[in-house]
Amino acid sequence: MKRVHLLFIGAGPMAEAIFAGVLQHRPEMAITVSNNKDTNRLEQLKNHYNIETTSNWKETVTEVDVIVLACPPSAHPDVLEQLHPLLKKDQLIVTVAAGIGPSSLEAALPKGTATAWLMPNTSADVGKSMSIYAFGEDVTEEHKKVFTSIASAIGHAQELTEEQVHNLTAVTGSAPAFLYYFVEALEQAATSYGITSEQARKLVIEMVIGSAAMLEKYRDPKGLRANVTSPGGATAAGIASLDENGFTDSLMKAIHATNKRAKELGSS
Ligand SMILES: NC(=O)C1=CN([C@@H]2O[C@H](COP(=O)(O)OP(=O)(O)OC[C@H]3O[C@@H](n4cnc5c(N)ncnc54)[C@H](OP(=O)(O)O)[C@@H]3O)[C@@H](O)[C@H]2O)C=CC1
Ligand SMILES: O=C(O)[C@@H]1CCC=N1
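As the structure is a prediction and not an experimental result, all values here were calculated from the model. (Residues numbered from 1 in each chain as written. Chains lettered and ligands numbered in written order. Predicted model: local features only at pLDDT ≥ 70, side-chain atom pairs only at ≥ 80, totals over all residues. Heavy atoms only, no water.)

## Concerning the site of ligand 1
Point 1. Ligand 1 sits among 22 residues. The nearest are Ala11, Met14, Lys37, Asp38 and Cys71.
Point 2. Measuring from an oxygen atom of ligand 1, one finds a backbone N or O atom of Met14 at 2.9 Å.
Point 3. The separation between an oxygen atom of ligand 1 and a polar main-chain atom of Asp38 is 2.9 Å.
Point 4. Taken by itself ligand 1 offers 900 Å² of open surface, and the protein chains cover 75% of this.
Point 5. Along the lines of polarity and charge, the residues of the shell around ligand 1 split into 15 nonpolar, five polar and two charged. (Near = heavy atom within 4 Å. Polar contact = N/O pair within 3.5 Å; in protein donor to acceptor, adjacent residues only side chain to side chain. Areas by Shrake-Rupley, 256 points an atom, 1.4 Å probe, with all protein chains shown as cover. Nonpolar A, V, L, I, M, F, W, Y, C, P; charged D, E, K, R; others polar.)

## Considerations on the packing of helix 1 (residues 13-25) against helix 2 (residues 39-49)
Point 1. Axis separation between helix 1 and helix 2 bottoms out at 12 Å; the angle between their running directions is 20°. Here helix 1 lies roughly parallel to helix 2, going by the angle between them. In this structure, helix 1 crosses over helix 2, and the sense of that crossing is right-handed. Contacts between helix 1 and helix 2 involve Pro13, Glu16, Phe19, Ala20 and Leu23 from the first element and Arg41, Leu45 and Tyr49 from the second.
Point 2. Within the contact of helix 1 with helix 2, the residues separate by chemical class into six nonpolar, no polar and two charged. (Axes fitted to C-alpha atoms, helices over the stretch in contact; angles between N-to-C directions. Helix = DSSP H or I, 4+ residues; strand = E, 2+ residues; numbered from the N terminus. Parallel < 35°, antiparallel > 145°, perpendicular 65-115°, else oblique. Left-handed = near helix turned anticlockwise from the far one by under 90°. Contact = heavy atoms within 4.5 Å.)

## Some details on the side chain of Asn35
Point 1. On the secondary structure map, Asn35 appears in the loop between strand 2 (30-34) and helix 2.
Point 2. Within the structure, the side chain of Asn35 is placed 2.9 Å from the backbone oxygen of Asp38, a separation counted as a polar contact.
Point 3. Asn35 has contacts with Gly10, Ala11, Arg41, Leu42, Thr54 and Trp57, leaving out every residue within four places of it along the chain.

## Structural notes on the UniProt feature "binding site: NADP(+)" (unreviewed entry) in the protein chain
Point 1. Taking the numbering used here, the UniProt-annotated feature "binding site: NADP(+)" (unreviewed entry) corresponds to Ile9, Gly10, Ala11, Gly12, Pro13, Met14, Ala70, Cys71, Pro72 and Pro73.
Point 2. Turning to its location among the elements, Gly12 is positioned in the loop between strand 1 (5-9) and helix 1.
Point 3. We classify Gly12 as partly exposed; its relative accessible area is 25%. (UniProt positions renumbered as here; feature names shortened; annotations may be inferred. Buried < 20%, exposed > 50% of the residue type's maximum accessible area, 1.4 Å probe, protein only.)

## Considering the nonpolar core
Point 1. Residues Phe8, Val33, Val66 and Phe147 are the most contacted members of the largest nonpolar core, which totals 34 residues.
Point 2. By residue number, the principal contributor to this core is helix 1, which donates five residues.
Point 3. Apart from the residues within four sequence positions on either side, Val33 is in contact with Phe8, Gly10, Ala11, Phe19, Leu42, Leu45, Ile51, Glu52, Thr53 and Thr54.
Point 4. Within the second largest apolar cluster, 17 residues are counted, among which are Val64, Ile67, Leu87 and Ala97. (Core = buried A, V, L, I, M, F, W, Y, C linked by side-chain atoms within 4.5 Å.)

Now the structure itself:
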């Protein structure tokens, strides 16, 4: 069987997390990484991962099977315009950019181009991304097979419609940042009681790891919350305070604001 060759255009943390997962789980795939102009970064990646890099991706495009656009949404119009005349039949174009679904790729590329949208999160770095994805109109079963083997190399992956990926980008792609913000706030609360920041970090991170393990085991956030919240007890007072201060509403607003911005980025 032919060795599948991936070209990454963009060499930031998201590209690195994805190709590191692919190298570990799909060693049969060949990888070339490119970026805009940071040659030091390419040199570092080449030495660390023993992969091919190129500062001129246009020279490699015709040799590859899958092109992964891991550059910012704002770079897409220019990159897609440059890709357009170089594409060959049967290549799969994948973007990981917020706000740029398969229909945007299809509109910018030759008719019949196979496209897909992968929305991972940074937990790809530890093989635990909860990724969501959508395919364009012209992907074949073979493209889907290759795509899912890439997506599953970085964690879990769930196929959705393009509209759903737009709307769930905040929940799977961005919400890790909301969770880390929550952790930061708890650390701040902990240090306000006179412990060191190292102590606060340990207390909070281990609490979060334990809670995540419980979620993984029981998969019932409401039931787990109820187990912590003794009737008339201390936790109930804390939950009531969160409710009074619009916790759920505030999170809903954050989700909407994130998705609105992602759509703006994708249409700029
Ligand atoms: N970070 C996250 O949690 C998530 C990010 N994403 C998406 O992943 C993508 C990559 O994000 P991230 O890794 O964080 O880093 P960035 O979005 O900051 O992308 C940086 C990389 O893109 C390259 N780049 C920029 N412009 C161009 C261009 N015109 N041509 C080629 N390469 C270019 C940069 O090269 P150079 O350094 O040489 O300028 C650099 O390698 C984004 O589209 C983002 O929306 C999706 C899900 C989650
Ligand atoms: O902040 C961003 O634009 C990207 C998309 C999802 C997570 N990070």
